[in-house]
Amino acid sequence: MRSLQDSTSYGGVGISSVAPPPRLRPRHSRVIVAEVEPSEKSVEIMRKFSEQYARKSGTYFCVDKGVTSVVIKGLADHKDSLGAPLCPCRHYDDKAAEAGQGFWNCPCVPMRERKECHCMLFLTPDNDFAGQEQTISLEDIRESTANM
Amino acid sequence: MAISIAAAAIQPLSWDNITCSSTSSSKLSQLSCRQFPRHLGRIQIGSNGLSSRSRRRILPPVEAKKQTFSSFDELLATSDKPVLVDFYATWCGPCQFMAPVLNEVSAAMIDKIQVVKIDTEKYPSIADKYKIEALPTFIIFKDGEPYDRFEGALTANQLIERIESALKVKQ
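Just so it is clear, the model here is predicted, and its values are computed rather than measured.

Draft legend 1. Examining helix α2 (residues 93–108) of chain B more closely. All names here are of chain B. Between its terminal C-alpha atoms α2 stretches 24 Å, which fits the 22 Å expected from 16 residues at 1.5 Å a residue. By the largest-angle criterion, Ala-99 marks the main kink of α2, which is about 35°, and a proline, Pro-100, follows within four residues. In terms of burial, α2 is a largely internal element, twelve of the 16 residues being buried. By the burial criterion, the buried members of α2 are Gly-93, Pro-94, Cys-95, Gln-96, Phe-97, Met-98, Ala-99, Val-101, Leu-102, Asn-103, Val-105 and Ser-106.

This is the structure:
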């Protein structure tokens, strides 16, 4: 993980193709830019949650399973870093505060109240992007996000 | 400090990718990067190895024309075309969905608009400045000022239509 404040790995003027070396996730609570994968355990938890919640809410996954996979990983990533699955499709001033507050923890209030999921994770059947499935396998997730 | 930008040349599926630096303060009114610590004042634009995320993804090779800017504001100020900015995040599904769409639109409208992308997690101060909330958010800048703004994923045709109607009004 690389902290937001640290961009010395970009190198000097004009050198723009240097890739920073991978770093361990810092243990203190600075804002962290995700450059590593979420834990497999969290991905599995969020995958199961997504399947259950889609069934329960009568919503469907996106025709493009890549979208579903990325969001599930995003939820897993926040669960790892913040302790709660904060919506990955939003920009926040203070992620930790938001995760504590809960409005945007998945399933977020807009989803629970109005079935509105702008992450395109849970889609009502009338949505243009809605597929027919309420299941997604770990293999699907791995394959769709292999190049990330 | 100098920043390298790769503007897409005439190339199918080419696109501009900008990762902008955040300034050390939340006030973005001063963006002269000479005043800020070096490691905070750099913008890098381009693809295929120029993005810090490129080591984890395979990008199509792009014929890049390199230019130098010292800030996102400077890019906006010196651009001769309107600029479409995509505010995104790594793990935002719809944002990733838009990546190939932006490639396509950028190539199709190369003479009319410049496409840049900003990772809101790397550059939160720029995202804060423009009050970005939902991702993806797209802002079309004309003459350096936000002109049109919309959220959410859309198809290439929808995006082209939206850009064209925004640009049409100018003339």
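From this point, the narrative continues.
Draft legend 2. Representation of the side chain of Thr-145 of chain A. Residues and elements named next belong to chain A. By the secondary structure assignment, Thr-145 is in the segment after α5 (138–144). Under the relative-accessibility criterion, Thr-145 is labelled buried at 3%. Here the side chain of Thr-145 touches Lys-73 through a polar contact of 2.8 Å, side chain to side chain. The residues touching Thr-145, leaving out its near neighbours within four places in the chain, are Ser-69, Val-70 and Lys-73.

Draft legend 3. Representation of the pattern of salt bridges within the structure. This structure, assessed with the given rule, holds 15 salt bridges over all chains. Across the pair Glu-116 of chain A and Arg-114 of chain A runs a salt bridge whose closest N-O atoms are separated by 3.1 Å. Since its relative accessible area comes to 47%, Arg-114 of chain A is described here as partly exposed. Residue Lys-112 of chain B is joined to Glu-164 of chain B by a salt bridge in which the shortest nitrogen-to-oxygen separation is 3.6 Å. With Lys-112 of chain B in the loop between α2 and β6 (114–119) and Glu-164 of chain B in helix α4 (residues 156–170), this residue pair connects regions lying 52 residues apart in the sequence. With a relative accessible area of 42%, Lys-112 of chain B lands in the partly exposed category.

Draft legend 4. Fine view of the packing of helix α1 (residues 40–57) of chain A against helix α2 (residues 65–82) of chain A. All names here are of chain A. Packing of α1 against α2 brings their axes to within 8 Å, and their N-to-C directions diverge by 125°. It follows that α1 is oblique to α2 by the angle criterion. The chirality of how α1 crosses α2 is right-handed. Contacts from Ser-42, Val-43, Ile-45, Met-46, Arg-47 and Ser-50 in α1 reach Ile-72, Lys-73, Leu-75, Ala-76, Lys-79 and Asp-80 in α2. Split into classes, the residues belonging to the contact of α1 with α2 amount to six nonpolar, two polar and four charged.

Draft legend 5. Geometry of the state of the cysteines. Residues and elements named next belong to chain B. Counted according to the given criterion, the structure contains one disulfide over all chains. Here Cys-92 pairs with Cys-95 through a disulfide, and the sulfurs are 2.4 Å apart. Taking the torsion about the sulfur-sulfur bond, which here is approximately 75°, the covalent link between Cys-92 and Cys-95 counts as right-handed. Given the relative accessible area of 0%, Cys-92 is considered buried.

Draft legend 6. Main features of the environment of Ile-136 of chain A. All names here are of chain A. Along the polypeptide, Ile-136 turns up in the loop between α4 (109–114) and α5. By relative accessible area, which is 1% here, Ile-136 ends up buried. Spatially, the C-alpha atom of Ile-136 lies 8.6 Å from that of Ser-50, the residues being 86 residues apart in sequence. With residues near it in sequence (within four places) discarded, Ile-136 still touches Arg-47, Glu-51, Phe-61, Lys-65, Thr-68, Ser-69, Ile-72 and Ile-141.

Draft legend 7. The arrangement of the pairing of strand β5 (residues 83–88) of chain B in detail. All names here are of chain B. With six of six residues buried, β5 lies mostly within the body of the structure. Bridge count for β5 against β6 is six bridges, and the pairing is parallel. Bridging across to β6, Leu-84 finds its partner in Val-115. In this fold, β5 hands off to α2, which returns the chain to β6; that crossover is right-handed.

Conventions adopted
Residues numbered from 1 in each chain as written. Chains lettered and ligands numbered in written order. Predicted model: local features only at pLDDT ≥ 70, side-chain atom pairs only at ≥ 80, totals over all residues. Heavy atoms only, no water. Helix = DSSP H or I, 4+ residues; strand = E, 2+ residues; numbered from the N terminus. Expected span 1.5 Å × (residues − 1). Bend = angle between axes of the 7 residues up to and from the residue. Buried < 20%, exposed > 50% of the residue type's maximum accessible area, 1.4 Å probe, protein only. Polar contact = N/O pair within 3.5 Å; in protein donor to acceptor, adjacent residues only side chain to side chain. Contact = heavy atoms within 4.5 Å. Salt bridge = Lys/Arg side-chain N within 4 Å of Asp/Glu carboxyl O. Axes fitted to C-alpha atoms, helices over the stretch in contact; angles between N-to-C directions. Parallel < 35°, antiparallel > 145°, perpendicular 65-115°, else oblique. Left-handed = near helix turned anticlockwise from the far one by under 90°. Nonpolar A, V, L, I, M, F, W, Y, C, P; charged D, E, K, R; others polar. Disulfide = S-S within 2.5 Å. Pairing = 2+ DSSP bridges. Right-handed = clockwise from strand over helix to strand, strands pointing away.

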